[in-house]
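Given next are the chains, with one letter for each unit.
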Amino acid sequence: DSGVTQTPKHLITATGQRVTLRCSPRSGDLSVYWYQQSLDQGLQFLIQYYNGEERAKGNILERFSAQQFPDLHSELNLSSLELGDSALYFCASSVAPGQGADTIYFGEGSWLTVV
Amino acid sequence: DQQVKQNSPSLSVQEGRISILNCDYTNSMFDYFLWYKKYPAEGPTFLISISSIKDKNEDGRFTVFLNKSAKHLSLHIVPSQPGDSAVYFCAASLGGGGADGLTFGKGTHLIIQP
């Protein structure tokens with residue numbers, strides 16, 4: 001158990017809908033990362049937050065948004081869903097940005113299926 | 001455009017033999033490389049890393065080799081054990097090993113046969 005909690009574990013929704021994925025980082029970790037793993041693309045970095053502020057942005061679509069709340073949990077919002085958004089979404093956390101990549105901890109992921 | 005490539009989606013190795021997983025990259029600015037291991041229904045976990053100033057790093061049964069001129073790295077597992085069966089991801093960093101914006105390969109599914 002990495003200490004990073006993601007909910008829901010599985011989600012099935014229809015095209016055009018909107019979903020919210022939730023992540024609670026490890027106790028004491030201030031930085032949260034979101035990654036997308038699809039069948040043909042591997043793990044893609046989406047976005048990073050540190051202490052409530054956006055710190056780095058990767059290949060995140062405009063239909064997607066994220067935020068980190070004062071209690072440090074984070075939510076990833078996916079809207080106008082398309083079939084191609086079906087993927088495993090990972091949240092990871094670390095104590096602070098700039099930490100070594102050997103000290104980030106991944107959650108178990110949220111499986112999103114768009115039908 | 002895949003900057004980190006793992007061209008073998010799967011690899012089957014007999015228990016006790018050596019497993020060699022390969023990874024190629026295109027961005028010469030990457031300066032830190034990592035391997036993550038992932039079991040089903042779990043998130044990736046860090047396995048071993050190497051800085052671009054080195055060409056080898058060893059940790060127990062795991063050794064990572066880096067060939068900068070060829071933009072190639074490999075992970076050797078000796079001897080392979082059944083518990084090594086997992087998906088292995090190669091990752092590269094531009095920030096000296098920082099976690100910001102890691103670039104991952106698509107993964108190689110290693111199967112250790114008894």
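Preceding block: the structure.
The following paragraphs examine the structure supplied in this document. (Residues numbered from 1 in each chain as written. Chains lettered and ligands numbered in written order. Predicted model: local features only at pLDDT ≥ 70, side-chain atom pairs only at ≥ 80, totals over all residues. Heavy atoms only, no water.)

**A look at the pattern of salt bridges**
Residue and element names in this part refer to chain A.
Then, in step 1: The tally for this structure, following the rule as stated, stands at seven salt bridges over all chains.
Then, in step 2: Between Lys9 and Glu108 there is a salt bridge whose closest N-O contact spans 3.6 Å. Placement of the pair is Lys9 in the loop between strand S1 (5-7) and strand S2 (10-13) and Glu108 in the loop between strand S10 (105-106) and strand S11 (110-114), with a sequence separation of 99 residues.
Then, in step 3: Residue Glu108 is classed as partly exposed on the basis of its relative accessible area, which comes to 40%.
Then, in step 4: With a closest N to O distance of 2.8 Å, Asp85 and Arg63 form a salt bridge. (Salt bridge = Lys/Arg side-chain N within 4 Å of Asp/Glu carboxyl O. Helix = DSSP H or I, 4+ residues; strand = E, 2+ residues; numbered from the N terminus. Buried < 20%, exposed > 50% of the residue type's maximum accessible area, 1.4 Å probe, protein only.)

**Considering the nonpolar core**
Then, in step 1: Counting residues in hydrophobic clusters, the biggest one holds 23 residues, and the most contacted among them are Phe33, Trp35, Leu73, Leu75 and Tyr88 of chain B.
Then, in step 2: Of all the secondary structure elements, the ones that give two or more residues to this core are strand S3 (19-25), strand S4 (32-38), strand S5 (45-51), strand S7 (62-67), strand S8 (72-77), strand S9 (86-93) and strand S11 (108-113) of chain B.
Then, in step 3: The greatest single-element share of this core, amounting to four residues, is contributed by S9 of chain B.
Then, in step 4: Within the second largest apolar cluster, 20 residues are counted, among which are Cys23, Val32, Leu46 and Ala87 of chain A. (Core = buried A, V, L, I, M, F, W, Y, C linked by side-chain atoms within 4.5 Å.)

**As for the interface of chain B and chain A**
You'll often see interface size given as the accessible area lost when the parts meet.
Then, in step 1: Contacts between the two partners involve 19 residues from chain B, matched on the other side by 23 residues from chain A.
Then, in step 2: Between chain B and chain A we count zero salt bridges in total.
Then, in step 3: The tally of links from chain B across to chain A stands at one residue pair in polar contact (both at pLDDT 80 or more).
Then, in step 4: Counting residues per element, the side of chain B that touches chain A draws most heavily on S4 of chain B, at three residues.
Then, in step 5: Classifying every residue of the side of chain B that touches chain A gives nine nonpolar, six polar and four charged. (Contact = heavy atoms within 4.5 Å. Polar contact = N/O pair within 3.5 Å; in protein donor to acceptor, adjacent residues only side chain to side chain. Nonpolar A, V, L, I, M, F, W, Y, C, P; charged D, E, K, R; others polar.)

**Some details on the packing of aromatic side chains**
How two aromatic rings sit relative to each other is given by the distance of their centres and the angle of their planes.
Then, in step 1: What the rule picks out here adds up to 13 aromatic pairs over all chains.
Then, in step 2: Pairing Tyr35 of chain A with Phe104 of chain B gives two aromatic rings, centres 5.5 Å apart and planes at 90 degrees, and the pair type is edge-to-face. Of this pair, Tyr35 of chain A sits in strand S4 (residues 31-38) while Phe104 of chain B sits in strand S10 (residues 103-104), each in a different chain.
Then, in step 3: Residue Tyr35 of chain A is classed as buried on the basis of its relative accessible area, which comes to 0%.
Then, in step 4: Sitting above the plane of the Tyr105 of chain A ring, Arg26 of chain A keeps its charged end 3.8 Å from the centroid. (Phe/Tyr/Trp six-rings, centres within 6.5 Å; stacked < 30°, edge-to-face > 60°. Lys NZ or Arg CZ within 6 Å of the ring centre and 35° of its normal.)

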